[in-house]
Structures are given as structure tokens and as C-alpha cells.
Amino acid sequence: MPSERRLEKLSDLMEEELSSIISREVELPEGILVTITRVVISPDGHYAAIFISVLGGEAKSALEILQKRVYNIQQRLNRRLRVRPIPKIHFAPDLGEMHREKIEKTLAEIKRKGDL
């Protein structure tokens, strides 16, 4: 059972490496930018949820592309990291980020109308 500090370090390392892999090696439609907002690793260190935020496109389509390529992404991650076991990754949309964007758009609209 890995310590909490080790899981935190592994989470940071995975976020950095996955960001690099996604930006350089995964072909996304033009104008879509995928960012990793956080990585949550299970207490036993075998599984990781990768939360993403999508700019310039629909999150569902970007998530589908990442899910189709998850095996290749996992292989590249396995080659880059020197720790064992490397958690099995699963991508998920960051709903908190989507909620914040919706609120910001609503506030901008209210401000534009002059009600605020």
C-alpha cells in the first residue's frame, strides 16, 4: 500500500507525462485543446482517473478519441515512468470545470446586458 505522499508525487508525475503525450502524440481535431485538470489515484495505486477539460470543442468527442487511444497512451506512459506498478488509466470529464465555465458564461452575459 503506497503512502499518501508517494501517491501525490505519482499523481503529479503522471499529470505531467500524460499532458506531454496527449499534446504531442494524440491527434485531436483542429482547434481542440485538452488539458488535464487532475489525476486521482486509487489508494492501492493500481488505477487512476484522469480528469480532463476541453477548450474549443465538445468534451464528449475529445473524450471518445482519448478512450479509443487509451491503450496506446497507457503503453507510452509505461515506457516513460520508472515506477511500478503504473496505475491503469481511465479518462473522465472534469464536471467541476464545466460547471465553472457555465457560470462564467452566464455572468458575462448578465454583465453584457448591463444587469450587473
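Anything mentioned here points back to the structure above.
Remember, predicted model here, so these are calculated numbers, not experimental data.

S.K.: Would you explain the packing of helix α1 (residues 4-25) against helix α3 (residues 70-80) in this entry?
M.R.: The description of two helices packed together rests on the angle between their axes and the distance between the axes. Where α1 contacts α3, the two axes come as close as 10 Å, and the packing angle between them is 130°. The angle between α1 and α3 places the two elements in the oblique class. As α1 runs across α3, the sense of the crossing is right-handed. Of the residues in α3, those in contact with Met14, Glu17, Leu18, Ser20, Ile21 and Glu25 of α1 are Ile73, Arg76, Leu77 and Arg80. Residues belonging to the contact of α1 with α3 are distributed by class as follows: 5 nonpolar, 1 polar and 4 charged.

S.K.: Would you mind going over the packing of aromatic side chains with me for this structure?
M.R.: Within this structure, the stated rule accounts for 0 aromatic pairs. Directly above the aromatic system of phenylalanine 51 lies the positively charged group of arginine 38, at a separation of 4.0 Å from the ring centroid.

S.K.: What is the right way to read the environment of glycine 31 from this model?
M.R.: Structurally, glycine 31 is set in the loop between α1 and β1 (33-41). Taking the C-alpha atoms as reference points, glycine 31 and glycine 56, 25 residues apart in sequence, are found 5.7 Å from one another. Sequence-distant contacts of glycine 31, defined by excluding residues within four places in its chain, comprise Leu55 and Gly56.

S.K.: Explain helix α2 (residues 59-68) to me, please; I cannot follow it from the model alone.
M.R.: Since there are 3.6 residues in each turn of an α-helix, residues three or four apart along the chain are aligned in direction. Within α2, burial applies to Ala59, Ala62, Leu63 and Leu66. The buried residues of α2 occupy one face: seen down the axis, they fall within an arc of 100°. Exposed side of α2, more than 90 degrees from the buried face: Lys60 and Lys68 are the residues found there.

Definitions and limits used
- Residues numbered from 1 in each chain as written.
- Predicted model: local features only at pLDDT ≥ 70, side-chain atom pairs only at ≥ 80, totals over all residues.
- Heavy atoms only, no water.
- Axes fitted to C-alpha atoms, helices over the stretch in contact; angles between N-to-C directions.
- Helix = DSSP H or I, 4+ residues; strand = E, 2+ residues; numbered from the N terminus.
- Parallel < 35°, antiparallel > 145°, perpendicular 65-115°, else oblique.
- Left-handed = near helix turned anticlockwise from the far one by under 90°.
- Contact = heavy atoms within 4.5 Å.
- Nonpolar A, V, L, I, M, F, W, Y, C, P; charged D, E, K, R; others polar.
- Phe/Tyr/Trp six-rings, centres within 6.5 Å; stacked < 30°, edge-to-face > 60°.
- Lys NZ or Arg CZ within 6 Å of the ring centre and 35° of its normal.
- Buried < 20%, exposed > 50% of the residue type's maximum accessible area, 1.4 Å probe, protein only.
- Arc of directions from axis to C-beta.

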